[in-house]
Amino acid sequence: MSAENGGRAGSGSGAGSGAGAGSGPGDEIGAGASSGRDPRHWAVVPAAGAGRRFGGPVPKQYLELCGRCVIEHSLATLLEHPAIDGCVLALSAEDEWWAETVYASHPAVQRVAGGTERSDSVANALEALSEYADEHDWVLVHDAARPCLTRFDLDRLIAALGDGSAGALLAVQVHDTVKVADAASGDRVLRTVPREQLWRAYTPQAFPLGTLRRALARARDQGSAITDDASAIEQLGLRPLLVSGRSDNLKITRPEDLPLAQFFLEQQQEQGLR
Ligand SMILES: Nc1ccn([C@@H]2O[C@H](COP(=O)(O)OP(=O)(O)OP(=O)(O)O)[C@@H](O)[C@H]2O)c(=O)n1
Ligand SMILES: C[C@](O)(CO)[C@H](O)COP(=O)(O)O
């Protein structure tokens, strides 16, 4: 990927510098899909979290993993995909690690300031993207904390994006028995739920830019605490497609997840998936 094919020049002095200066790749390729061109695909990577559940002085997205840092693995699969035209990355204003990554000056990566919640970070990225992308373009939102996304799963997600606006997300059907705890104790079984219809939502989650912006704004205005982007889309009455993905596309959340991610990446490399 390079600036020539529509990659956006990274700019700004640091994580808190806000949206990159200057025009976007949209100026080079003309207007968006409303001009009749096929919708483009953009990655949005929320990476402004503090990693509180993981702990430690370094946010988990910058921890070493198989010779690179977590976020470099997460970005590599996206930026190396020929269908992905650019990436908007949401970083914390206190971020002091991004500048040391191999993607710090990548021409197709634009940096914006993250927000209080993950959904705020995504909304900030979408606002910057809307400066040069078309509202019918696809946005694939992927957690920086998910380094094990494979090209195989990304291909499957992109292939599932039809003409509808409901979008799609990578997900894994639940294979464990699921219990609901009672609210009072928090750890006493209230009931077991049928698992045949249960899926674990992963990322990327892909939606048209305009639809996702409207959905997140509506969720914010209604005070809906959403933990993934599909939740906001569902609140519009749309039903995103569940695309069955690999269960090793884990999110690094707690300390025990890091060695598991290391194992998964090594297995993927041995199987020629990376
Ligand atoms: N205000 C926030 C919160 C989270 N994220 C990003 O959203 C992804 C998923 O969030 P999570 O796993 O919860 O990361 P943290 O918020 O860092 O973790 P914790 O809740 O344990 O602090 C991560 O890539 C994280 O960097 C973000 O961009 N902006
Ligand atoms: C978006 C997500 O990864 C889908 O499973 C998840 O909801 C993020 O949750 P977090 O608490 O912000 O890590």
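Treat the numbers as computed from the prediction; the structure is a model and nothing was measured.

(A) Here's a closer look at the sheet that holds strand β11 (residues 241-244). The strand order across the open sheet formed by 7 strands is β5-β4-β1-β6-β10-β7-β11, and the pairing between neighbours is mixed. Taken across any chain shown, the strands that pair with only one partner, and hence form the sheet edges, are β5 (109-113) and β11. Put simply, the sheet's adjacent strands are angled 30 degrees from each other on average, direction ignored. Helix α2 (residues 70-79) rests against β1 (41-47), β4 (84-91) and β5 of the sheet, and its axis sits at about 155 degrees to β4. In this fold helix α4 (residues 151-159) packs onto β1, β4, β6 (138-141), β7 (168-173), β10 (199-208) and β11, with an angle of close to 125 degrees to the strand it touches most, β7.

(B) How the structure looks around the pairing of β10. Taken across its 10 residues, β10 has 7 buried, putting it largely inside the fold. Two strands pair when backbone bridges link them, and β6 and β10 are joined in this way by 4 bridges, in the antiparallel orientation. By the bridge assignment, Val139 is partnered in β10 with Phe207. Across 5 bridges, the pairing between β7 and β10 is antiparallel. Pairing of Ala168 across the sheet is with Ala206, part of β10.

(C) Region of the structure containing the UniProt feature "site: Positions MEP for the nucleophilic attack" (unreviewed entry) in the chain. Mapped onto this numbering, the UniProt entry gives "site: Positions MEP for the nucleophilic attack" (unreviewed entry) at Arg195 and Lys251. Here Arg195 shows up in the loop between β9 (189-193) and β10. Discounting chain neighbours no more than four positions away, the residues touching Arg195 are Val174, His175, Asp176 and Thr177. Side-chain polar atoms of Arg195 contact the backbone oxygen of His175, separated by 2.9 Å. Secondary-structure assignment places Lys251 in the loop between β11 and α7 (257-270). In this structure, Lys251 is in contact with Arg53, Asp143, Ala145, Arg146 and Asp257, ignoring residues within four places of it in sequence. There is a polar contact of 2.8 Å between the side chain of Lys251 and the side chain of Thr253.

(D) Structural detail: helix α5 (residues 209-221). Across its 13 residues, α5 extends 18 Å between first and last C-alpha, which sits within 8% of the 18 Å expected from 1.5 Å per residue. Three or more residues of α5 are buried, namely Leu209, Gly210, Thr211, Leu212, Ala215, Leu216 and Ala219. Next to the buried residues of α5 lie α3 (118-129), β6, β10 and α6 (229-234). Following α5 by one or two positions, Gly223 adopts a phi angle in the positive range, close to 70 degrees.

(E) View of unusual backbone geometry. Between Thr203 and the following residue, Pro204, the backbone shows a cis peptide bond with an omega angle of 5 degrees. The residue Pro204 is located in strand β10 in this model. A positive phi is found at Cys66, a non-glycine position, where the angle reads about 50 degrees. Position of Cys66 among the secondary structure elements: in the loop between β2 (64-65) and β3 (68-69). For Cys66, a relative accessible area of 23% translates into the label partly exposed.

(F) Inspection of the state of the cysteines at higher detail. According to the stated counting rule, one finds 0 disulfides in the structure shown. Take Cys69: it sits in no disulfide, and the sulfur closest to it among the cysteines is that of Cys66, at 12 Å. Among the cysteines around Cys87, which has no disulfide bond, Cys69 carries the closest sulfur, lying 13 Å off.

(G) Molecular detail of the UniProt feature "site: Transition state stabilizer" (unreviewed entry) in the chain. This chain's UniProt record puts "site: Transition state stabilizer" (unreviewed entry) on Arg53 and Lys60. Structurally, Arg53 can be placed in the loop between β1 and β2. The class of Arg53 is exposed, set by a relative accessible area of 61%. Among all residues touching Arg53, those that are not within four sequence positions of it are Lys251, Thr253, Arg254 and Pro255. In this structure, Lys60 sits in the loop between β1 and β2. Among the residues examined, Lys60 registers a relative accessible area of 11% and is labelled buried. With residues up to four places along the chain from it excluded, the contact list for Lys60 reads Gly51, Phe54, Val70, Ala145, Ile252 and Thr253.

(H) Quick look at the site of ligand 2. Around ligand 2 lies a shell formed by Arg53, Arg118, Asp143, Arg146, Ala201, Thr203, Thr227, Asp228 and Lys251. Separating an oxygen atom of ligand 2 from a backbone N or O atom of Ala201 is a distance of 2.6 Å. Contact distances for ligand 2 include 2.7 Å between an oxygen atom and a backbone N or O atom of Thr227. When ligand 2 is considered free in solution it has 360 Å² of accessible area, and contact with the protein chains removes 77% of it. Each residue belonging to the shell around ligand 2 can be placed in one class, and the counts come to 1 nonpolar, 2 polar and 6 charged.

Definitions and cut-offs
- Residues numbered from 1 in each chain as written.
- Chains lettered and ligands numbered in written order.
- Predicted model: local features only at pLDDT ≥ 70, side-chain atom pairs only at ≥ 80, totals over all residues.
- Heavy atoms only, no water.
- Pairing = 2+ DSSP bridges.
- Helix = DSSP H or I, 4+ residues; strand = E, 2+ residues; numbered from the N terminus.
- Axes fitted to C-alpha atoms, helices over the stretch in contact; angles between N-to-C directions.
- Contact = heavy atoms within 4.5 Å.
- Buried < 20%, exposed > 50% of the residue type's maximum accessible area, 1.4 Å probe, protein only.
- UniProt positions renumbered as here; feature names shortened; annotations may be inferred.
- Polar contact = N/O pair within 3.5 Å; in protein donor to acceptor, adjacent residues only side chain to side chain.
- Expected span 1.5 Å × (residues − 1).
- Disulfide = S-S within 2.5 Å.
- Near = heavy atom within 4 Å.
- Areas by Shrake-Rupley, 256 points an atom, 1.4 Å probe, with all protein chains shown as cover.
- Nonpolar A, V, L, I, M, F, W, Y, C, P; charged D, E, K, R; others polar.

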